[in-house]
Amino acid sequence: MENAEEKETIVLMGFSSIFQSRIGSHLADQLEVPFYDLNEEVEKLLQRLPPDQVNEIGWDEINTVEKTVLADLITKKGAVIAANSDLVDDEESFNILKYSDTAIIYLHGRFTETVAKFIASQLFSSEKIEQWVTDIFQILWQVRDQEYRSIADLMVEIDGKEPEQVAREIAEFITMEVGEDDLF
């Protein structure tokens, strides 16, 4: 088996609540490579700061930390990285991914109003507001879907599949030996 340093770094992208971290963890286990969750790595970095400094950090600073951590993680050869769904919304983060030497896998699932409706119902009690939130999620999903597709090297359908099954499918695809005759 190849050393982790000889393998390509894999970044898993997709809309929120599609289990990027669970899929990534299973995939890393199957490929026998390190796994990193971008959110967890950002939190670890922030926890090392003095408490008074952490309390003063705003969203802009957190976004800067996130970009720094992302830029560092994608240099780790042979790792699997679960990325945040909103990275494609930030031009600098988008470009870090787009121009990186990584394999970006888009975990694609259909938009379901059920998820948006559930989230909205937990936050708001008005059906009218729930519908607005659902509509906003629908638009956000459409925009991000296009962005994910534009930078993905591979798109994997995840609907109706357990994270372990998705990871197994990706691992099988990655480790599949393709001969020159198979390409033409």
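Just above, that's the structure.
Residues numbered from 1 in each chain as written. Predicted model: local features only at pLDDT ≥ 70, side-chain atom pairs only at ≥ 80, totals over all residues. Heavy atoms only, no water.

A. Representation of helix α4 (residues 59-73). The terminal C-alpha atoms of α4, which comprises 15 residues, lie 21 Å apart, in line with the 21 Å expected from a rise of 1.5 Å per residue. Along α4, the residues that are buried comprise V65, E66, K67, V69, L70 and L73. Those residues of α4 that are buried lie in contact with β2 (35-37), α2 (38-47), β3 (80-82) and α5 (91-98). (Helix = DSSP H or I, 4+ residues; strand = E, 2+ residues; numbered from the N terminus. Expected span 1.5 Å × (residues − 1). Buried < 20%, exposed > 50% of the residue type's maximum accessible area, 1.4 Å probe, protein only. Contact = heavy atoms within 4.5 Å.)

B. How the structure looks around the sheet that holds strand β5 (residues 154-157). Taken together, 5 strands build an open sheet; the order of strands is β2-β3-β1-β4-β5 and the sheet is parallel. In this open sheet, the two edge strands, each paired with only one partner strand, are β2 and β5. Strand after strand, the sheet turns through a mean of 20° between neighbouring axes, direction not considered. Pairing of strand β1 (residues 10-13) with β3 involves 3 bridges; the strand directions are parallel. For I10, the partnering residue across the bridge sits in β3 and is V80. (Pairing = 2+ DSSP bridges. Axes fitted to C-alpha atoms, helices over the stretch in contact; angles between N-to-C directions.)

C. Layout of the nonpolar core. The biggest cluster of nonpolar side chains holds 23 residues, and the ones touching the most others in it are V11, M13, L38, L70, L87 and L97. Elements with a minimum of two residues in this core: β1, α2, α4, α5, β4 (103-108) and α7 (127-151). No other element matches α4, which puts 4 residues into this core. The contacts of L97, once residues within four sequence positions are left out, are V11, M13, L70, L87, T102, I104 and I151. Grouped together as the second largest cluster of nonpolar side chains are 18 residues, I23, L27, V80 and L107 included. (Core = buried A, V, L, I, M, F, W, Y, C linked by side-chain atoms within 4.5 Å.)

D. Spatial organisation of a nonpolar patch on the surface. Taken together, the side chains of F173, I174 and M176 make up a nonpolar region of the molecular surface, amounting to roughly 290 Å² of accessible area. Secondary-structure assignment places M176 in the loop between α8 (163-175) and α9 (180-183). On the basis of relative accessibility, which here comes to 46%, the residue M176 falls in the partly exposed class. (Patch = residues over 30% accessible without salt bridge, like charges linked within 9 Å, V, L, I, M, F, W, Y side chains within 5 Å. Areas by Shrake-Rupley, 256 points an atom, 1.4 Å probe, with all protein chains shown as cover. Salt bridge = Lys/Arg side-chain N within 4 Å of Asp/Glu carboxyl O.)

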